[in-house]
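Architecture at a glance
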Amino acid sequence: MIKIALDRISKQYDRKTVLSRISLTVEAGELLSLLGPSGTGKTTLLKILAGLEDADAGDILFDGQSVRRLPPEKRKAVLVFQDYLLFPHLTVGENVGFGLKMAKQSASAVRTRVSEMLQLVQLSGSENKYPRELSGGQKQRVALARALAIEPRVLLLDEPFSNLDVLLRHSMQELVFAIQRKLKITTILVTHDWAEALMFSDRMAVLDNGVVQQVDIPERVYRNPASLKVAQLFGTSVNYIDGAVRNQTFLSWMGEYRAGDRADGPYQAVVRPEQVELRADAAGEWRVQKKIFAGQTTYYHIGKEERQLWAASPPNTRHELADQVSITVNLRPELLFPKATAGEDQ
Amino acid sequence: MKFWSKAFLVLALALLALPFAGLLLWSLAGEWPWPQLVPATVSFRGWTAFAAMAEKFLEAIVTSGLLSSAVTLLCLLVSLPAARALAYYQFAGKRLIEIFFISPLLAPVMSIAMGVHMQFIRLGLADTLPGVMLIHLFSCLPYGILILRDALLAVGSQWEDQAKVLGASRWQAARYIVLPLLAPGLVAASVMVFIVSFSEYILTFIIGGGKIVTFSLLIFPYLQGGDRNISSVLSIIFLLVILLWILVLELLARRYTGQGRFFHL
């Protein structure tokens, strides 16, 4: 188990800044997920950690020791790529044993370790199959076994589940993260799947525009996002309400809400659909304009004159199209963000 | 298979087979009066003439085979790093360098040979095997670099990265992962380069000064002389040597990348 510290890592491509003085620590044995919109340098950061790319400036410390000058083959920071990259001309056993073979371990030691690793990922006895004979989930598990076989100091997962269908994804997530916990290996997971990051990581780091926006445990990142950018990561059908804070009160077309200790000025409130409660009400001013059934939740698009809102309801409530409803908005002061002034992009 | 796919396949086969069939017929033709589709009489004149001179030709075939094999090997050794740089790295002036690499294909061989000849005489390379190899290498490099660059692009650099993070040194990654995956491209480049070198006439003639007698040098007068029997026989031999080369390469590649053969646990 080692602790990773990134110290002001910067990287540019073609004069475009991808990473700007990123500082981040990952505790020993921790699973940290890296979240953020596409093109924010998440994969670049993994490659810098693995030694496949060099940072323009800054340092990387494994247990306090700089590894920036260490070539990838000596770093033991294994990157598992999104498309697994199992060597197609080698068998499963040869793939898993590859790193050990490169380290010149004896054939019998390699064989033992390979069968151990395959057992760990529940693929015992597949040594002699070729990658082309495996399903997506099996390839994923072989890639993991191959990475773990060399007892890496750091495991780097680049969107490991994005190529799997939903059902398989869930069982693979359970398996992979259970193994990570069992081996207590320091792991960085890059993902687009915010639900995955919320459910499985010890802490999350949100990257945007090459800067770390927030690092915290998942619940706090979800409940108290540090910026509008972070709040926007979670879920769809989110409502954005413009308003202003005067005397610790948020004023908008929805009415007045407590704004905590926010300073006066223009603000935008993020209202997630589950914060909008609907009640059937014959005299209600809102009408259901669209209904999207999504199993555990049903989403309603409601309108009142030119105003529109998204609401989500648990399955036991039911509204139909054109039903009249009244609403309660549970606005939360933590989800109020200063509105970008003109000229600044949101 | 769809009808059109089949039709095109047949057409392609016919385009390949017909000239070869023509060669075969001419090598065995005795009298072949004008309107007839096949020769009137069979004659082994071409083949017996060849058999009579077989020793001389065999010597040239061996010279050519060794020369072209060496050129191919050298060419791949030089092309691979260059192709890798062009495929995987971005750098200023990359387009210019690519054009520079292709330029031997664009300039007339004759003018290049004349220009280089004087230098080679000064350097003592004219009329020598190394000189001929060098000039062959020059005309082969564009093929080697371009084919390998495209093959490397198709394979991608991610395999080397994956091997390295698993602890493979640069050489281990090349030997166990990249080269086996690149094998089809290496075979294609070797075949092309070998053919270019094996068929080279004018450069061998000028730089070798007639001292280095390759197979193409030897058969050229017969092709020009208009004896269709003998030139057909020689062309067939020429084709067979190249086919043999392709076969050997394929076998080598298969042996190198074959299932469970190169990487025993």
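What counts as what
- Residues numbered from 1 in each chain as written.
- Chains lettered and ligands numbered in written order.
- Predicted model: local features only at pLDDT ≥ 70, side-chain atom pairs only at ≥ 80, totals over all residues.
- Heavy atoms only, no water.
- Helix = DSSP H or I, 4+ residues; strand = E, 2+ residues; numbered from the N terminus.
- Contact = heavy atoms within 4.5 Å.
- Areas by Shrake-Rupley, 256 points an atom, 1.4 Å probe, with all protein chains shown as cover.
- Lys, Arg positive; Asp, Glu negative; His and termini not counted.
- Charge placed at Lys NZ, Arg CZ, Asp CG, Glu CD.
- Expected span 1.5 Å × (residues − 1).
- Buried < 20%, exposed > 50% of the residue type's maximum accessible area, 1.4 Å probe, protein only.
- Axes fitted to C-alpha atoms, helices over the stretch in contact; angles between N-to-C directions.
- Parallel < 35°, antiparallel > 145°, perpendicular 65-115°, else oblique.
- Left-handed = near helix turned anticlockwise from the far one by under 90°.
- Nonpolar A, V, L, I, M, F, W, Y, C, P; charged D, E, K, R; others polar.
- Salt bridge = Lys/Arg side-chain N within 4 Å of Asp/Glu carboxyl O.
- Buried area = accessible area lost by both parts, 1.4 Å probe.
- pLDDT = per-residue confidence, 0-100.
- Core = buried A, V, L, I, M, F, W, Y, C linked by side-chain atoms within 4.5 Å.
- Patch = residues over 30% accessible without salt bridge, like charges linked within 9 Å, V, L, I, M, F, W, Y side chains within 5 Å.
- Domains from an automatic or database assignment.
- Polar contact = N/O pair within 3.5 Å; in protein donor to acceptor, adjacent residues only side chain to side chain.

1. Some thoughts on the overall build of chain B
Looking only at helices and strands, chain B has eleven helices and zero strands in total. Reading chain B from its N terminus to its C terminus gives the helix and strand order α-α-α-α-α-α-α-α-α-α-α. Referenced to the eigenvectors of the C-alpha coordinate spread, the extents of chain B come out at roughly 70 × 60 × 35 Å. Of the contacts made within chain B by residues no fewer than 6 positions apart, 72% connect residues no fewer than 24 positions apart. Taken as a whole, chain B presents about 14,800 Å² of accessible surface, with 73% of it coming from carbon and sulfur. Of the side chains in chain B, 17 bear a positive and 11 a negative charge, and the two mean positions are spaced by 9 Å.

2. Some details on helix α5 (residues 136-149) of chain A
Its 14 residues give α5(A) an end-to-end C-alpha distance of 20 Å, which sits within 8% of 20 Å, the value for a rise of 1.5 Å per residue. A large share of α5(A) lies buried, amounting to eleven of its 14 residues. Gly137(A), Gln140(A), Arg141(A), Val142(A), Ala143(A), Leu144(A), Ala145(A), Arg146(A), Ala147(A), Leu148(A) and Ala149(A) are the residues of α5(A) that are buried. Where α5(A) is buried, its residues meet β6 (77-80), α3 (92-102), α4 (107-120), β7 (154-158) and α6 (166-183) of chain A together with α7 (158-165) of chain B. Two residues or fewer past α5(A), Glu151(A) is found with a positive phi of approximately 50°.

3. Here we look at the packing of helix α6 (residues 129-155) of chain B against helix α8 (residues 170-199) of chain B
All names here are of chain B. For the pair α6 and α8, interaxial distance at closest approach is 9 Å and the crossing angle is 160°. Taken together, α6 and α8 sit at an angle that is classed as roughly antiparallel. In terms of crossing hand, the pair formed by α6 and α8 is right-handed. Within the contact between the two elements, α6 uses His136, Ser139, Cys140, Tyr143, Gly144, Ile147, Leu148, Ala151, Leu152 and Val155 and α8 uses Leu181, Leu182, Gly185, Leu186, Ala188, Ala189, Met192, Val193, Val196 and Ser197. Taken together, the residues of the contact of α6 with α8 break down into 15 nonpolar, five polar and no charged.

4. Details of the pattern of salt bridges
Evaluation of the coordinates by the stated rule reveals 21 salt bridges over all chains. Asp242(A) is paired through a salt bridge with Lys339(A); the nearest N and O atoms lie 3.8 Å apart. Of the two residues, Asp242(A) sits in strand β11 (residues 239-246) while Lys339(A) sits in the segment after β20 (336-338), which places them 97 residues apart along the sequence. Given a relative accessible area of 41%, Asp242(A) falls into the partly exposed group. If you follow the salt bridges from partner to partner, you end up with Arg95(B), Glu98(B), Arg149(B) and Asp150(B) in one network.

5. Observations concerning the interface of chain A and chain B
Each partner contributes to the interface: chain A provides 30 residues, whereas chain B provides 23 residues. Across the interface of chain A and chain B, roughly 2,500 Å² is buried in total on both sides, 69% from carbon and sulfur atoms. On the chain A side of the interface with chain B, the three residues burying the most area are Glu73(A), His89(A) and Met102(A), jointly 24% of the side's total. Breaking the side of chain A that touches chain B down by element, the ones donating at least two residues are α2 (72-75), β6, α3, α4 and α5 of chain A. The element that contributes the greatest number of residues to the side of chain A that touches chain B is α3(A), accounting for six residues.

6. Describing the confidence of the model for chain A
When the pLDDT values of chain A are averaged, the result is 91; 98% of them are 70 or greater. Confidence drops under a pLDDT of 50 for residues 342-346 of chain A, and excluding neighbours within four residues, the segment shows six contacts in the predicted structure.

7. Things to note about the environment of Leu31(A)
Residues and elements named next belong to chain A. Examined against the element boundaries, Leu31 turns out to sit in strand β3 (residues 31-35). In this structure the C-alpha to C-alpha distance between Leu31 and Met204, which are 173 residues apart in sequence, comes to 8.5 Å. The contacts of Leu31, once residues within four sequence positions are left out, are Phe177, Gln180, Arg181, Thr187, Leu189, Phe200, Ser201, Asp202 and Arg203.

8. What to know about the nonpolar core
Judged by nonpolar contacts, the single largest core of 91 residues is most densely connected at Ile9(A), Leu49(A), Phe62(A), Val96(A), Phe98(A), Leu156(A) and Ile177(B). For Leu156(A), the contacting residues outside a window of four places in its chain are Leu46(A), Leu49(A), Ala50(A), Ala77(A), Val78(A), Leu79(A), Val80(A) and Ile188(A). Core analysis: the next-biggest nonpolar cluster, separate from the first, contains 23 residues, Phe50(B), Ile219(B), Val241(B) and Trp245(B) among them.

9. What about unusual backbone geometry?
Residues and elements named next belong to chain A. Non-glycine residue Arg8 carries a positive phi angle of around 50°. As for its placement among the helices and strands, Arg8 is situated in strand β1 (residues 4-13). Assessed through its relative accessible area of 43%, Arg8 is described here as partly exposed.

10. Brief notes about helix α4 (residues 94-106) of chain B
If you check α4(B), its first and last C-alpha atoms are 18 Å apart, about what 13 residues at 1.5 Å a residue would give, namely 18 Å. When α4(B) is considered as a whole, its buried residues turn out to be Lys94(B), Glu98(B) and Pro104(B).

11. Let's talk about a nonpolar patch on the surface
Nonpolar side chains collect at one region of the surface, where Phe3(B), Trp4(B), Phe8(B), Leu11(B) and Leu15(B) lie side by side and expose about 660 Å² of accessible area between them. In this structure, Leu11(B) sits in helix α1 (residues 3-28).

12. Brief notes about the domain arrangement of chain A
All names here are of chain A. On domain assignment, one finds that chain A holds domain 1 (4-228) and domain 2 (235-338). Taken over C-alpha atoms, the centre of domain 1 sits 38 Å from the centre of domain 2. The interface is formed by eight residues belonging to domain 1 together with ten residues belonging to domain 2. Between domain 1 and domain 2 lies a buried interface of about 710 Å² when both sides are counted; carbon and sulfur atoms form 56% of it. The tally of links from domain 1 across to domain 2 stands at zero salt bridges. Our count for the domain 1 to domain 2 interface comes out at three residue pairs in polar contact (both at pLDDT 80 or more). Here the residues of the side of domain 1 that touches domain 2 sort into five nonpolar, two polar and one charged.

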